[in-house]
Amino acid sequence: MAGTVAKTCLSPLALLTRRLSAPEFITQCCYHKKVVDHYENPRNVGTLDKSSKNVGTGLVGAPACGDVMKLQIEVDDHGKIVDARFKTFGCGSAIASSSLATEWVKGKSVDEALTIKNTDIAKELCLPPVKLHCSMLAEDAIKAALADYRRKQDDQQEAVRASV
């Protein structure tokens, strides 16, 4: 099986000139270069102040595979997402999906960010069917972060109305 995969993924010359370690073999054969790029050079890793009224936090997980994704957005007073951060525990595809999601939401309005679909993420990263749950997790994390942000805005408006 591995020999068949190797023949379709690597040139024969590569197999003759050096041996690949298991992580190198998987990287060379099983992940698209866009996934590898986001995995090796993740964008926007970190956290934002979750207590801030302008920050929405989404925490989602996939019990079937153990992936957990936290995505945070910071929204300015005009409803534009000015920053996004993530922390993900999971496979390379989950990390890449999170990284790409943070890049895509930046600069968008809250409503525009809701239009990002898992199919768009999966297509951009060339995810195989077995890894589609990673892009679904990223879409769910975006929606959860936006919902948290909106909840905070509604709570703030209610507090202002109650004080008047």
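Values in this document were obtained by computation on a predicted structure and should not be read as measured data. (Residues numbered from 1 in each chain as written. Predicted model: local features only at pLDDT ≥ 70, side-chain atom pairs only at ≥ 80, totals over all residues. Heavy atoms only, no water.)

## Describing the pairing of strand S1 (residues 55-62)
(1) Moving on: Summarising burial for S1: 6 of the 8 residues are buried, a large majority.
(2) Moving on: The pairing of S1 with strand S2 (residues 67-75) spans 8 bridges and is antiparallel. By the bridge assignment for S2, glycine 56 is matched with isoleucine 73. (Buried < 20%, exposed > 50% of the residue type's maximum accessible area, 1.4 Å probe, protein only. Helix = DSSP H or I, 4+ residues; strand = E, 2+ residues; numbered from the N terminus. Pairing = 2+ DSSP bridges.)

## Focus on the sheet that holds S2
(1) Moving on: Pairing is antiparallel in the open sheet, where 3 strands are placed in the order S1-S2-S3. Sheet topology places S1 and strand S3 (81-89) at the edges, where each strand pairs with a single neighbour. Ignoring strand direction, the axes of neighbouring strands in this sheet form an average angle of 15°.
(2) Moving on: On the sheet, helix H5 (residues 92-105) packs against S2 and S3 and is oriented at approximately 175° with respect to S3. (Axes fitted to C-alpha atoms, helices over the stretch in contact; angles between N-to-C directions. Contact = heavy atoms within 4.5 Å.)

Limitation: the analysis is restricted to geometry and does not speak to function.
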